[in-house]
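Residue-level structure breakdown
Here is how the chains run, residue by residue.
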Amino acid sequence: MIRQQHLKQKMNNALLTRLLAHWPTKLWLGTLLTLVFCCGYFAIQYYPLRPAIRFELTLIDRAIAFAPHWTWVYQSVYLLLPFAWLCETREQLRRYASGFFIVMLIGFVCFVLWPVAGPRPSALPDDAFYRWLVSYDRPLNSFPSLHLAWAMYSACVAIAVTDGALRRRLSRLLPLWVALIGYATLATKQHYFVDLPPGIALGWLAQRYAWRNRTMPLVEPDAL
């Protein structure tokens, strides 16, 4: 019992050390990436260069009923993004930023060249959180699903920069979380089903590319 408590305390201390590593860099980098993304995303969305098209609904799109209460799960992606704080070296942060820009730039190019309007219903339900979502997020920038791309990218990064017990826990939790977000994109009618596979692939490939050719350890020797 005492040994288990000691190991748990050691794990908690190691996690805290990881989170606080290079915290000023994490703060300014997170702020910078957020500002750059928001400026590009909303500029494309509010000032499209081409008329938007719509996809035909698939059987899966029709089978999943509109459920605005899933907005809470849909928006939980913003709790996944801070998992970048699990990075504990400058090399990891550099790679995280490069993968972030890959996801963003490929997504933006698709949105500009091929704007797609999502299947969101025109009549708003009596759900305050959903109404808040649609008040700022227009039904454009649908293909590929950047929402799922960010979820996948964040999960892959979190698993890549950790090891031991922490990695095992994240490997069980994060795939389920990403899957729930994927379902929520359909239940809230923010996306078509065909938006999801390219979003998943984009997030996964961006992390794989950013973490290629590892020239130095990505995890500190004393990490969990």
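Conventions we followed
- Residues numbered from 1 in each chain as written.
- Predicted model: local features only at pLDDT ≥ 70, side-chain atom pairs only at ≥ 80, totals over all residues.
- Heavy atoms only, no water.
- Helix = DSSP H or I, 4+ residues; strand = E, 2+ residues; numbered from the N terminus.
- Buried < 20%, exposed > 50% of the residue type's maximum accessible area, 1.4 Å probe, protein only.
- Contact = heavy atoms within 4.5 Å.
- Areas by Shrake-Rupley, 256 points an atom, 1.4 Å probe, with all protein chains shown as cover.
- Expected span 1.5 Å × (residues − 1).
- Bend = angle between axes of the 7 residues up to and from the residue.
- Axes fitted to C-alpha atoms, helices over the stretch in contact; angles between N-to-C directions.
- Parallel < 35°, antiparallel > 145°, perpendicular 65-115°, else oblique.
- pLDDT = per-residue confidence, 0-100.
- Salt bridge = Lys/Arg side-chain N within 4 Å of Asp/Glu carboxyl O.

A look at the overall build of the chain
Looking only at helices and strands, the chain has 10 helices and 0 strands in total. For the chain, the succession of helices and strands along the chain, N to C, is α-α-α-α-α-α-α-α-α-α. Burial analysis of the chain (224 residues in total) assigns 47% to the buried set. For the chain, the proportion of contacts with a sequence separation of at least 24, taken over those separated by at least 6, is 89%. Working note: accessible area of the chain is about 12200 Å², and carbon and sulfur atoms make up 68% of it.

Things to note about helix H9 (residues 164-187)
Taking 1.5 Å as the rise per residue, H9 with 24 residues should run 34 Å; its terminal C-alpha atoms sit 35 Å apart, in good agreement. At Ser171, H9 is bent by approximately 25°, the largest bend along its length, and proline Pro175 sits one to four residues beyond. Residues of H9 that are buried: Ala165, Leu166, Leu170, Leu174, Trp177, Val178, Ile181, Gly182, Ala184, Thr185, Leu186 and Ala187. Count one or two residues on from H9 and you reach Lys189, which has phi positive near 60°.

Details of the packing of helix H2 (residues 23-46) against helix H6 (residues 90-113)
When two helices pack together, their arrangement is given by the angle between their axes and by how far apart the axes lie. Where H2 meets H6, the closest approach of the two axes is 11 Å, and the angle between their N-to-C directions is 5°. Here H2 is positioned roughly parallel relative to H6, judged by the angle of their axes. On H6, the residues that touch Thr25, Lys26, Leu29, Leu33, Val36, Phe37, Gly40, Tyr41 and Ile44 of H2 are Arg90, Leu93, Tyr96, Ala97, Phe100, Phe101, Met104, Phe108, Phe111 and Val112.

Re the confidence of the model for the chain
Averaged over every residue, the pLDDT of the chain is 90; the share at 70 or more is 90%. This model gives residues 216-224 a pLDDT under 50, and the stretch forms 25 contacts once residues within four places in sequence are excluded.

Examining the pattern of salt bridges
Here the idea is simple: oppositely charged side chains can pair when their charged atoms come close. Scanning all chains against the criterion turns up 3 salt bridges. Arg18 serves as the salt-bridge partner of Glu88, at 3.6 Å between the closest nitrogen and oxygen. Of the two residues, Glu88 is situated in the loop between helix H5 (77-80) and H6 and Arg18 in helix H1 (residues 2-20); the sequence distance between them amounts to 70 residues. Take Glu88 and Arg18: they sit in the same class, and that class is buried. Overlapping salt bridges bring together Glu91, Arg94 and Arg95 as one network.

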